[in-house]
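What follows is each chain in one-letter form.
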Amino acid sequence: MHTLLKRTAPALALLALAGCQPELDAPGADKGSADFSRYISVGNSLTAGFSDGGLYLEGQQSSYPNLLAGQFKAVGGGDFAQPLFQAGQENGSGYLRLAGFTATGNPITANVTTNLAVRTTTPQVLYTRYDAAVNNLGVPGIRLSDIQTPGYGSQLGNPYFERITPAANPLQTYFLRVKAEAATATFFTCWLGNNDVLGYATAGGVLNATSSNAITRTDTFQLKANRIINVLTANGAKGVVATIPNVANVPFFTTVRVAAIKATFKASNPALSLYIQTSTGVREATDADLLTLTSSAVIGTATPGNPFPVGAGVGTATGQSNPLPSQFVLDAAEQTLVRDATTAYNTSLTAKANEKGLAIFDANAFFSQIAATGFTTDGVSNTAAFISGNLFSLDGVHPTPRGYAIVANEMIKAINAKYGSSVPQVNPTDYRGVRFP
Amino acid sequence: MTSKSLLLVSGVLLTGTAASAGGYQVTLAGQKNNGMGGVGVGLSLDQAAMFYNPGALAMVKDRGVQVGVNATMARQAFRSQYGGPQRELKSNIVTPFNLYAGFGSEDRKFAAGIAIYTPFGNKVEYADGWEGRYSLTGIDLKSIYVQPTVSYAVTDKLSVGAGMVILAYGAVNLQKDIPVEGAAGAQPAHVELDGKATTKIGFNAGIYFKPTDKLSIGASYRSKIDAQVEGGDVTFSNVPAALGSRFTATEFDATLPLPATTSLGIGFMPNENLTLGFDVNYVEWSKYKTLQFDFRGNNGAGGLVAPSGQVGGSNISTSRREYKDAVTLRLGGQYLLTSGLTVRAGGSYDFSPVEDGFVTPETPDADRIGLTLGASYKFGSFGVDISGQFIDLKERTQTEAELVANNTADRVAGTYKTRVLIPGIGLNYTF
């Protein structure tokens, strides 16, 4: 009997090890009708991987184009070069980090100022140049209205574009740079236009029409959008065009709430309420007004010579309030301007993409849905909430690495649907949310 | 020799178990039964009748003592909905066991005995870094029942029996990562819940009827016990200091139902050497609606004032289970080859109590097919039983959209496939 056992036990164990492990087929990977061999990305800060109020190495590595390129490799994608900040200068422009919370639970942020890639501060802050070839043409801050501005990449222009603009051709426009790269590209993503309305919104709508950050005229927007998409597709490349999300859905505008501020004021004195400065005068704030993330630093602070702290008051007449300055409020009228511009821009982008038979990532619809219901994945609840939501970084506008991962996945869905490909998705939980001290 | 082996086996008794029936039920209570697809309710094979049907104990011919142990070796594959590499469990071998001692009166009217077995258990441990780590990294659920049993033969064809079922030992250890990160390169936060269940009492009862030499019928019922953990330990690691006020819990309470099982069985003995059995088990899994943890305590609150007993800012964690009652069908037989050697074979089909879109990493359940083989060799009063089971769980997929729709998004979307191999060995002594 012993011998029977001695023979049986190892045989069973062997069977367990060798035969028992189930195998699940790897998902198929197919390029469909697209060609991913040379992918370029065109866009602004979102495309560059901007996060936490700055551009730095980790954000660059988590940029959605870089994540996409990694997935494209499964279906014949080539190498994807980015103008990465080098080791020792990995903090790039510097960025915000979370330093802790106040006793009342408000976040405290601090600037990272070490290991920057600043090469000079005259005539303005300029960064260590990157002269090798790049596939990621994302330029933080660029507006669609800027793409044909000569000198936009000069030392007096946009420092992020300056660092990748050929030194021998400092007046080359973004448009001409894209045209040169598009000549050999087989696939592209294009997500431009956010800054044509974002600057106006984050400045609380105080900019007038002549300001360089005013809302871009919709006819100008359409003209430039058509030009860039024409040049991207001139060589037969396929790609994705992304729409512009309504900025009113981001934590920059949804974290500081009128109702909460009013409640705080009333707790100290039931007569107090929140008053705001608008273009048409001072009035009591309503729940429809959006306060900027930056307003939290000034609301409630003392003003010399004024009996009320900033934002507080009992009435609109002079001396009865200390209204919150207009730059910290996107009031209902300003929100309408932002929304109308966003809608018009998206109409232009969508029409042009459809004309060229391109895939469309409707970022506006997607982020509206995120704002409404959040986005759960792998047992983790992600929302559009500031800090706790995992998806938006500390600047309240740009995504975290996890946020960029879900953007990459949405683009992959759009690509697969349009081109019959089966590009695999990334796992969002492999990418971080906000880091805590 | 045998007594030495007995000691050896009892040395590995205090261990956990792994899923080998629907949900976290384990039906590995007798080595002879294991070889026959798990049938036993309509049979009176040996002292393991105390588990399968206490009513049949009085009809067991011999007085005896037996011990048995199994080694469950589960192999699992998981692929996330998002793609990526196949994930597998860490290789764990867990050892459900059983021990029976049964004695009969001289006139064969009364029988009594004590049974120790492990009817529920579950152990899974996922490989590091898997995408479901925020849902679960590992669980180890154990239960040991002790059952004093009496049985009485009303006539020589009809017997009844009952036992007091004592949840003598129950323990749960559950671990998962928490989706908050500290400094670059740091591991995500992690929580471990570890607790022992309080002693609880239920019952097991059965009736056995053998109208002819060729036919027997049995029915049995084992009652539900709620395994209750009170004041289990909550241990955090890697929680960023700034979030200390949201992770203050030190203790938890939780209740897990160990559901009632009703069984019917039929035995056929067409000739002296052949025994066939057919069983149906009905398990009242629908009692398992939610898994809730209540948290208490305050570990210092990270220097901040906050409500006590928080895990991620909440005093409570509730997760939908919504199991449904489930049936297992079993078929098996044994054949006496020589006076000493008996061979067995059988199979089972187990309907999962877990509905679509409710599959959790802790119990990645699916309908399952079991195939079994077994043999016994008897020399004198001693006997050795061996068994082997191969359990194949159907491939099962759930999408994030299904999870969101069910409000079960606290688990992972993807495809599971599991196989389990369970060799077992038992020793018995009859007198």
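Coordinates for the structure precede this section.
Remember, it's a predicted structure, so these values are computed and weren't measured experimentally.

A separate point is the overall build of chain B. For chain B, the count of helices and strands is four helices and 24 strands. Taken against the 2.2 N^0.38 rule, which gives 22 Å for 431 residues, the C-alpha radius of gyration of chain B at 23 Å falls within 12% of a compact globule. If you line up chain B on its principal axes, its C-alpha atoms span 75 × 40 × 40 Å. Put simply, chain B has 431 residues, and 57% of those count as buried. By sequence separation, contacts in chain B at least 24 residues apart represent 71% of the contacts at least 6 residues apart. Accessible surface, chain B: about 16,400 Å² in total, of which carbon and sulfur atoms supply 60%. Here chain B contributes 37 positively and 38 negatively charged side chains, and the mean placements of these two sets differ by 5 Å.

What follows covers helix α12 (residues 363-373) of chain A. All names here are of chain A. Listed in full, the buried residues belonging to α12 are Ala-363, Asn-364, Phe-366, Phe-367 and Ile-370. Buried residues of α12, seen end-on, are gathered within an arc of 165° and therefore sit on one face of the element. With respect to the buried face of α12, the exposed residues turned more than 90 degrees away are Ala-372 and Thr-373. Considering only its buried residues, α12 is in contact with β7 (187-191), α11 (332-355), β14 (359-361), β15 (375-377) and α13 (401-419).

Vacant regions in the atomic arrangement are exposed by a probe of water-molecule size rolled over the atoms. Residues and elements named next belong to chain B. Here the second largest pocket is characterised by a volume of approximately 1,400 Å³. In this structure, the second largest pocket is lined by 44 residues; those nearest its centre are Ser-44, Leu-45, Lys-61, Thr-275 and Gln-334. Counting only elements with at least two residues in the lining of the second largest pocket, the list comes to β11 (200-212), β16 (274-283), β19 (326-336), β20 (341-350), β21 (368-379), β22 (382-393) and β24 (414-430). By residue class, the composition of the lining of the second largest pocket is 13 nonpolar, 16 polar and 15 charged.

Further remarks concern unusual backbone geometry. Glycine aside, a negative phi is what most residues show, and trans is what most peptide bonds show. Residue Pro-123 of chain A is bonded to the preceding Thr-122 of chain A through a cis peptide linkage, with omega at 0°. Structurally, Pro-123 of chain A is set in the loop between β4 (118-120) and β5 (126-127). Phi at Asn-115 of chain A takes a positive value of approximately 50°, unusual for a residue other than glycine. Looking at the element boundaries, Asn-115 of chain A is found in the loop between β3 (107-112) and β4. Unusually for a residue other than glycine, Asn-238 of chain B sits at a positive phi of about 65°. Accessibility expressed as a relative area gives 44% for Asn-238 of chain B, which makes it partly exposed.

With that settled, the discussion passes to the packing of helix α4 (residues 64-72) of chain A against α13 of chain A. All names here are of chain A. α13 packs onto α4 with a crossing angle of 50° between their chain directions and a minimal axis gap of 9 Å. By the angle between their axes, α4 is oblique relative to α13. In the crossing of α4 with α13, the sense of the turn from one axis to the other is right-handed. When α4 is examined against α13, the residues Tyr-64, Leu-67, Leu-68, Gln-71 and Phe-72 are found in contact with a partner set consisting of Tyr-404, Ala-405, Val-407, Ala-408, Met-411, Ile-412 and Ile-415. For the contact of α4 with α13, the residue count by class is 11 nonpolar, one polar and no charged.

Another aspect to go through is the sheet that holds strand β8 (residues 238-242) of chain A. Residues and elements named next belong to chain A. Judged by pairing direction, the sheet is parallel, and its five strands sit side by side in the order β6-β1-β7-β8-β14 without closing on themselves. Each edge of the open sheet carries a strand with a single partner, namely β6 (136-138) and β14. Neighbour-to-neighbour, the strand axes of the sheet open up by a mean angle of 15°, direction not taken into account. Strand direction decides the pairing type here: strand β1 (residues 39-43) and β6, joined by three bridges, are parallel. In the strand pairing of β6, Ser-41 is matched with Asn-136. On the sheet, helix α8 (residues 218-233) packs against β1, β7 and β8 and is oriented at approximately 170° with respect to β7.

Whether parallel or antiparallel, the strands of a sheet pair through hydrogen bonds between backbone atoms. Residue and element names in this part refer to chain A. Taking strand neighbours across the sheet as the criterion, the three strands line up as β10-β9-β12 in an open arrangement whose pairing is antiparallel. Either end of the sheet is taken by a strand with one partner, and the two such strands are β10 (281-284) and β12 (312-313). Across four bridges, strand β9 (residues 273-278) lies against β10 in antiparallel orientation. Looking at the pairing, Ile-276 lines up with Arg-283 of β10. On top of the sheet, helix α10 (residues 258-268) reaches β9, β10 and β12; it is set at about 130° to β9, its chief contact.

Turning to the environment of Lys-61 of chain B, a few remarks are in order. When you line up the elements, Lys-61 of chain B lands in the loop between α3 (49-52) and β1 (64-70). Spatially, the C-alpha atoms of Lys-61 of chain B and Thr-430 of chain B are 9.7 Å apart, while their sequence positions differ by 369 residues.

All names here are of chain B. Taken together, Phe-209, Ile-217, Ile-266, Phe-268, Leu-276, Phe-278, Leu-329, Leu-331 and Phe-351 make up a surface patch of nonpolar side chains, about 720 Å² in accessible area. Of all the secondary-structure elements, those providing two or more residues to the nonpolar patch are β15 (261-268), β16 and β19. Counting through the fold element by element, Phe-268 comes out in strand β15.

Residues and elements named next belong to chain A. Two numbers describe how helix α7 (residues 195-202) lies on α11: the axes approach to 10 Å, and their chain directions differ by 170°. With respect to each other, α7 and α11 are oriented roughly antiparallel. The segment α7 lies against α11, with Asp-196, Val-197, Tyr-200 and Ala-201 engaging Glu-334, Leu-337, Val-338, Ala-341, Thr-342 and Tyr-345. Among the residues forming the contact of α7 with α11, the class breakdown is seven nonpolar, one polar and two charged.

This part covers the packing of aromatic side chains. Residues and elements named next belong to chain B. Across all of its chains, the model carries 45 aromatic pairs over all chains by this definition. On the numbers, 5.6 Å between centres and 65° between planes, the contact of Phe-252 with Phe-293 is edge-to-face. Of this pair, Phe-252 sits in strand β14 (residues 251-258) while Phe-293 sits in strand β17 (residues 290-296), and the two are 41 residues apart along the sequence. Classification of Phe-252 as buried rests on a relative accessible area of 0%. Residue Phe-293 is classed as buried on the basis of its relative accessible area, which comes to 9%. Between Tyr-288 and Tyr-323 the ring centres are 4.8 Å apart and the planes differ by 70°, which places this aromatic pair in the edge-to-face class.

Residue and element names in this part refer to chain A. Of all five residues making up β7, five are buried, and the element is well covered by its neighbours. Alternating residues of β7 divide into Phe-187, Thr-189 and Trp-191 and Phe-188 and Cys-190, and every residue in both groups is buried. As judged from the five bridges shared by β1 and β7, these two strands associate in the parallel manner. Opposite Tyr-39, over in β7, you have Phe-187 as the bridge partner.

For the rest of this paragraph, the subject is empty space enclosed by the protein. Scanning all chains against the criterion turns up 12 cavities of 30 Å³ or more. Each pocket or cavity is described by its volume, and for the largest cavity that value is around 250 Å³. When residues of the lining of the largest cavity are assigned to their parent elements, the largest contribution, five residues, is made by strand β9 (residues 158-178) of chain B. Partitioned by chemical class, the residues of the lining of the largest cavity number 17 nonpolar, five polar and two charged. A volume near 180 Å³ is recorded for the second largest cavity. Leu-46, Asn-194, Pro-245, Val-250 and Val-397 of chain A are, among the 17 residues lining the second largest cavity, the residues nearest its centre. Sorting the residues of the lining of the second largest cavity by element identifies α2 (45-48) and α7 of chain A as the ones contributing at least two each.

Rules of the game
Residues numbered from 1 in each chain as written. Chains lettered and ligands numbered in written order. Predicted model: local features only at pLDDT ≥ 70, side-chain atom pairs only at ≥ 80, totals over all residues. Heavy atoms only, no water. Helix = DSSP H or I, 4+ residues; strand = E, 2+ residues; numbered from the N terminus. Rg over C-alpha atoms; globule rule 2.2 N^0.38 Å. Buried < 20%, exposed > 50% of the residue type's maximum accessible area, 1.4 Å probe, protein only. Contact = heavy atoms within 4.5 Å. Areas by Shrake-Rupley, 256 points an atom, 1.4 Å probe, with all protein chains shown as cover. Lys, Arg positive; Asp, Glu negative; His and termini not counted. Charge placed at Lys NZ, Arg CZ, Asp CG, Glu CD. Arc of directions from axis to C-beta. 1 Å grid on protein atoms, 1.4 Å probe; cavity = no way out; pocket = protein on both sides within 12 Å on 5 of 7 lines; lining within 4 Å. Points joined across faces, edges and corners; volume = space filled by probe spheres on them. Nonpolar A, V, L, I, M, F, W, Y, C, P; charged D, E, K, R; others polar. Axes fitted to C-alpha atoms, helices over the stretch in contact; angles between N-to-C directions. Parallel < 35°, antiparallel > 145°, perpendicular 65-115°, else oblique. Left-handed = near helix turned anticlockwise from the far one by under 90°. Pairing = 2+ DSSP bridges. Patch = residues over 30% accessible without salt bridge, like charges linked within 9 Å, V, L, I, M, F, W, Y side chains within 5 Å. Salt bridge = Lys/Arg side-chain N within 4 Å of Asp/Glu carboxyl O. Phe/Tyr/Trp six-rings, centres within 6.5 Å; stacked < 30°, edge-to-face > 60°.

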